[in-house]
Amino acid sequence: MSGEAPRQLHLNINALHSGFVPSAWRLADADPRAFIDIDHYVRLAQIAERGCLDAIFLADSAAITDQLDMRPITALEPTLLLASVAAATKHIGLIATASTSYNEPFNLARRFATLDLISGGRAGWNMVTTADLPSARNFGLEAVPDHAERYARAEEFATLVKTLWNSWEDDALVADKATGQFVDLGKLHPAAHRGRFFAVQGALNLPRSKQGHPVLVQAGASGDGRDLAARHAEAVFSASQSFDESKAYREDLNARAARYGRGPHAVKVLAGLTTIIGATQAEAIRRRDELVDLIPWRYSLNRIAGTLGIPADSLSLDEHLPENLTLPNNGNGNHTFFHATIAQARAHGYTVRELIRALAGGGGHRVIVGTPEQVAEDIAHWFENGAADGFNLMPDALPGGLEAFVDGVVPILQKRGIFRRAYEGTTLRGHLGLDVPAGYRVEEAV
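As the structure is a computational prediction, the values presented were derived from the model and not from experiment. (Residues numbered from 1 in each chain as written. Predicted model: local features only at pLDDT ≥ 70, side-chain atom pairs only at ≥ 80, totals over all residues. Heavy atoms only, no water.)

Visitor: I keep staring at the overall build of the chain and nothing clicks. Help me out?
Guide: Helix and strand counts for the chain come out as 15 helices and eleven strands. Its C-alpha atoms give the chain a radius of gyration of 22 Å, within 12% of the compact-globule value 22 Å for 446 residues. Summarising its shape, the C-alpha atoms of the chain cover approximately 75 × 55 × 45 Å along the three principal directions. Considering only intrachain contacts with a sequence separation of at least 6, the fraction spanning at least 24 residues in the chain is 76%. (Helix = DSSP H or I, 4+ residues; strand = E, 2+ residues; numbered from the N terminus. Rg over C-alpha atoms; globule rule 2.2 N^0.38 Å. Contact = heavy atoms within 4.5 Å.)

Visitor: Help me understand empty space enclosed by the protein, please; the structure alone is not making it clear to me.
Guide: All told, the structure shown has two cavities of 30 Å³ or more when counted by the stated rule. Each pocket or cavity is described by its volume, and for the largest cavity that value is around 80 Å³. A15, L16, H17, F35, Y41, L58, A59, T74, A75, L76, P78 and L81 are the residues that line the largest cavity. Each residue belonging to the lining of the largest cavity can be placed in one class, and the counts come to ten nonpolar, two polar and no charged. Considering only enclosed or pocket space, the second largest cavity measures out at about 30 Å³ in volume. As for the second largest cavity, its lining consists of A113, D116, W165, P207, R208, S209, G212, H213 and P214. Partitioning the lining of the second largest cavity into residue classes produces four nonpolar, three polar and two charged. (1 Å grid on protein atoms, 1.4 Å probe; cavity = no way out; pocket = protein on both sides within 12 Å on 5 of 7 lines; lining within 4 Å. Points joined across faces, edges and corners; volume = space filled by probe spheres on them. Nonpolar A, V, L, I, M, F, W, Y, C, P; charged D, E, K, R; others polar.)

Visitor: How do you make sense of the side chain of S119 when you look at a structure like this?
Guide: Inspection of the secondary structure assignment puts S119 in the loop between α3 (105-118) and β4 (123-128). Judged by relative accessible area, S119 falls into the buried class, the value being 7%. There is a polar contact of 2.8 Å between the side chain of S119 and the backbone oxygen of L115. (Buried < 20%, exposed > 50% of the residue type's maximum accessible area, 1.4 Å probe, protein only. Polar contact = N/O pair within 3.5 Å; in protein donor to acceptor, adjacent residues only side chain to side chain.)

Visitor: What exactly am I supposed to notice about the side chain of D54 here?
Guide: For D54, the position within the fold is in the loop between α1 (38-50) and β2 (55-58). Take D54: its relative accessible area is 0%, and that puts it in the buried class. Among the polar contacts listed, one links the side chain of D54 to the side chain of H10, at a separation of 3.0 Å. If sequence neighbours within four positions are ignored, D54 has contacts with L9, H10, L11, N12, I92, G93, F419, R420, L428, H431 and L432.

Visitor: It is not clear to me how the nonpolar core should be interpreted in this structure. Could you clarify?
Guide: If you look at the biggest cluster of nonpolar residues, it comprises 71 residues, and the most contacted ones within it are L53, W125, F391, F405 and L413. Ignoring anything within four residues of it in the chain, the contact list for L413 reads L9, L11, A376, I379, F405, I418 and F419. (Core = buried A, V, L, I, M, F, W, Y, C linked by side-chain atoms within 4.5 Å.)

Visitor: Which parts of the structure should I look at to understand the packing of helix α13 (residues 372-384) against helix α14 (residues 400-415)?
Guide: Contact pair α13 / α14: the axes reach a minimum separation of 9 Å and the direction vectors enclose 50 degrees. What the angle tells us is that α13 and α14 run oblique. Every pair of crossing elements has a handedness; the one defined by α13 and α14 is right-handed. Listed contacts from α14 to P372, E373, V375, A376 and I379 of α13 are F405, G408, V409, I412 and L413. (Axes fitted to C-alpha atoms, helices over the stretch in contact; angles between N-to-C directions. Parallel < 35°, antiparallel > 145°, perpendicular 65-115°, else oblique. Left-handed = near helix turned anticlockwise from the far one by under 90°.)

Visitor: Any chance you could explain the pattern of salt bridges here in plain terms?
Guide: Between side chains of opposite charge, a pair can form as their charged atoms come close. Across all of its chains, the model carries 24 salt bridges by this definition. Where D227 meets R256, a salt bridge forms, and the shortest distance between an N and an O atom there is 3.1 Å. Here D227 is found in helix α6 (residues 223-232), whereas its partner R256 is found in helix α7 (residues 243-259), with 29 residues between them in sequence. One network of salt bridges, with partners in common, ties together R226, D227, D252 and R256. (Salt bridge = Lys/Arg side-chain N within 4 Å of Asp/Glu carboxyl O.)

Visitor: What should I look at first to understand the packing of aromatic side chains in this one?
Guide: Summed over the entire model, instances satisfying the criterion amount to nine aromatic pairs. Their ring planes at 15 degrees and their centres at 4.6 Å tell us that Y102 and F139 sit as a pair that is stacked. Separated by 37 residues along the polypeptide, Y102 in the loop between β3 (93-99) and α3 and F139 in the loop between α4 (133-138) and α5 (147-165) bring together distant segments of the chain. Judged by its relative accessible area of 11%, Y102 is buried. Looking at F139, the relative accessible area reads 44%, which means it is partly exposed. Here the aromatic cluster, defined as three or more aromatic residues joined through ring pairs, consists of F112, W125, F157, W165, F197 and F198. (Phe/Tyr/Trp six-rings, centres within 6.5 Å; stacked < 30°, edge-to-face > 60°.)

Visitor: Just to check I follow, could you spell out the pairing of β4 for this structure?
Guide: Remark: a regular strand shows side chains that alternate across the two faces of the sheet. In terms of burial, β4 is largely enclosed, as six of its six residues are buried. Where β3 and β4 come together, six bridges link them in parallel fashion. If you follow A98 over to β4, its bridge partner there is M127. For the handedness criterion, the β-α-β arrangement of β3, α3 and β4 is classed as right-handed. Taken together, the four bridges between β4 and strand β7 (residues 215-218) define a ladder with parallel strand orientation. Counted as the bridge partner of M127 is Q218 from β7. (Pairing = 2+ DSSP bridges. Right-handed = clockwise from strand over helix to strand, strands pointing away.)

Visitor: It is not clear to me how unusual backbone geometry should be interpreted in this structure. Could you clarify?
Guide: Note: most residues except glycine have negative phi, and most peptide bonds are trans. Along the chain, L398 connects to P399 via a cis peptide bond; the corresponding omega equals 10 degrees. The topology assignment puts P399 in the loop between β11 (390-395) and α14. Its identity is not glycine, yet T130 carries a phi of approximately 65 degrees, on the positive side. By the element assignment, T130 lies in the loop between β4 and α4. The exposure class of T130 is buried, given its relative accessible area of 15%. The phi dihedral of N324 falls on the positive side, at around 55 degrees, and the residue is not glycine.

Okay, here's the thing in structure tokens:
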């Protein structure tokens with residue numbers, strides 16, 4: 001009698017230029033120009049592939065939103081970058097961020113379908129709605145569109161992109177040399193869409209890929225963000241600070257997905273996790289402190305203040321966060337990192353200085369500082385007890401922090417039997433245990 005196959009842990013590398021910690025570029029062995037060096041990202045992907053990780057993920061921004069005078073930023077356009085990574089790798093998935101606020105559905109659908117085809121079915125799209133003012137101003141707006149409007153646009157955008165990805169039936173490409181028929185036009189289906197935000201008439205000019213179409217990923221913890229993920233996403237990047245918070249988030253997301261007629265575990269929850277690894281815990285703590293001490297306090301104060309939507313001079317290093325903080329810009333800011341930062345501070349009673357150290361410089365993701373064994377135990381606990389399906393890894397410094405994870409943590413997870421020893425498939429969907437989505441259906445044309 002055979003039962004269900006055991007759950008498979010999923011691991012992505014979030015390739016944040018020199019590393020998650022803002023001072024990583026200042027380490028003796030770091031290359032300050034890595035953030036614009038294709039060879040740096042290819043090397044990261046190859047290290048991750050050696051560790052059998054599911055994917056390399058690239059964030060993106062439509063503006064300079066960080067403090068460029070003190071650290072590198074996300075700079076290279078991710079789909080172009082991942083096309084080069086695809087040529088230098090064979091298995092690892094390729095996930096790129098692109099905004100629904102500052103793109104058009106047809107162009108984005110075509111760009112990701114291209115990446116999917118040239119990589120042999122390894123592409124994924126992380127859809128974001130973009131809530132910062134500098135990005136809005138780079139696209140001719142004087143204010144960030146309202147939160148509800150951004151998500152209404154994203155809903156229509158995602159629906160239309162999937163329609164375009166599925167506009168070719170799987171056998172539409174005939175390529176019959178004997179008859180001379182190249183494509184069966186009867187199996188191409190125009191989008192014929194006219195909605196509140198977009199109007200698209202034709203079919204996409206590309207067929208579906210080996211995995212059907214790119215994996216759809218989402219990051220956003222607001223109610224609107226969760227509903228968008230429940231309707232469309234196949235994986236989410238979360239920012240939970242505690243086991244209980246992450247477990248509740250995962251259960252809520254899957255309950256919402258079930259209400260939309262999707263399966264009980266339709267969405268993979270990949271929790272953000274920063275790792276700072278040493279041979280001993282004391283060594284890992286020294287590494288954390290060395291990195292944090294290289295960050296100007298002004299940088300970290302500005303970063304936390306920006307996340308909370310308050311003036312930096314309202315924060316004092318040796319006092320606690322102000323009471324009664326409300327979502328920035330009347331709720332029109334980034335909900336995820338606002339709540340994650342406050343949760344960390346309140347749970348531990350941190351002063352601002354202690355919070356900055358705990359967050360390794362002021363970011364909103366959970367940080368674990370320890371040995372490979374401690375990191376593996378933490379990951380296994382969250383995974384085996386239902387708090388996450390995997391992790392979006394953000395090593396402290398790159399490539400060294402990733403090498404420490406692949407060489408130290410991955411073998412322990414493999415020995416526990418929860419992570420693969422070799423790739424079993426060649427597509428991102430295969431790595432994530434996702435089915436190939438059905439193609440064009442008649443009801444989609446209604």
